[in-house]
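Inside the fold
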Amino acid sequence: MDFRVTLKKNYEFRRLYSKGKTAVTPYLVVYCLKNNHGTRRVGYTVSTKLGKAVVRNRVRRRLREIYRLNADKLISGIDMIIVARGKSVGADYQRIEKAFLQACGELKLIKETQE
């Protein structure tokens, strides 16, 4: 699955914010909604309230990498927005990754293992 399929349009973000399901952790918020494309699309939001561009870009890079490494664990056919919160600026990578997986588990986005 290509992890680089992203949400870019404002109306796509607004649709997920208004109609999507939400999971909140201290480090991030995940919005998700099923789509009709059959692919997984993702968007990232890092507010200017978190800091200057260097800080925001670091947080955004971490979120993208966490998603990239865990994308194979997620179901397909969903749109997802990952919103960074204030604690994600000073948090280490493992805590943010754990928060992401916890949020995805709450939203039932993780594939069931078939053994």
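Residues numbered from 1 in each chain as written. Predicted model: local features only at pLDDT ≥ 70, side-chain atom pairs only at ≥ 80, totals over all residues. Heavy atoms only, no water.

1. Here we look at the side chain of R56
With respect to the helices and strands, the residue R56 is situated in helix α2 (residues 53-70). E65 provides the closest opposite charge to the buried, salt-bridge-free R56, at an N-O distance of 19 Å. Look past the residues within four positions of R56 in its chain and what remains in contact with it is V46, S47, T48 and G51. (Helix = DSSP H or I, 4+ residues; strand = E, 2+ residues; numbered from the N terminus. Buried < 20%, exposed > 50% of the residue type's maximum accessible area, 1.4 Å probe, protein only. Lys, Arg positive; Asp, Glu negative; His and termini not counted. Salt bridge = Lys/Arg side-chain N within 4 Å of Asp/Glu carboxyl O. Contact = heavy atoms within 4.5 Å.)

2. Here we look at the sheet that holds strand β1 (residues 21-24)
The sheet built from 4 strands is open, its strands ordered β1-β2-β4-β3 with mixed pairing. Only two strands of the sheet have a single neighbouring strand rather than two, namely β1 and β3 (41-45). With strand direction ignored, the average angle separating the axes of adjacent strands in the sheet is 15°. With 4 bridges joining them, β1 and strand β2 (residues 28-34) adopt antiparallel strand pairing. When the sheet's bridge partners are listed, A23 is paired in β2 with V30. (Pairing = 2+ DSSP bridges. Axes fitted to C-alpha atoms, helices over the stretch in contact; angles between N-to-C directions.)

3. Side note on helix α1 (residues 10-19)
Of all the residues in α1, the buried ones are E12, F13 and L16. In a view along the axis of α1, the buried residues occupy a sector of 100°, so they form one face of it. Exposed residues on α1 whose side chains face more than 90 degrees from its buried face are N10, Y11, R14, S18 and K19. Packing partners of the buried residues in α1 comprise β2, β3 and β4 (78-84). (Arc of directions from axis to C-beta.)

4. Concerning the pairing of β4
Of all 7 residues in β4, 7 are buried; the element is thus mostly enclosed. Side chains I78, M80, I82 and A84 of β4 all project onto a buried face; the interleaved residues D79, I81 and V83 project onto the opposite face, where all are buried too. Two elements, β2 and β4, share 7 bridges in a ladder whose sense is antiparallel. Within the sheet, the bridge partner assigned to L28 lies in β4 and is A84. Note: β3 against β4, 5 bridges, orientation parallel. What sits directly across from R41, in β4, is D79. A crossover connection joins β3 to the parallel β4 through α2; in handedness this β-α-β unit is left-handed. (Right-handed = clockwise from strand over helix to strand, strands pointing away.)

5. Overview of the nonpolar core
Counting 27 residues, the largest nonpolar core has L28, L63, Y67, M80, I82, F100 and L109 as the members making the most contacts within it. For this core, the secondary structure elements donating two or more residues are β2, β3, α2, β4 and α3 (93-106). Per-element accounting of this core gives the leading share, 5 residues, to α3. Residue contacts for L63: discarding those within four places in its chain leaves L28, Y44, V46, I82, A84 and I96. Counting 7 residues, the second largest nonpolar core, distinct from the first, contains L7, F13, L16 and Y31. (Core = buried A, V, L, I, M, F, W, Y, C linked by side-chain atoms within 4.5 Å.)

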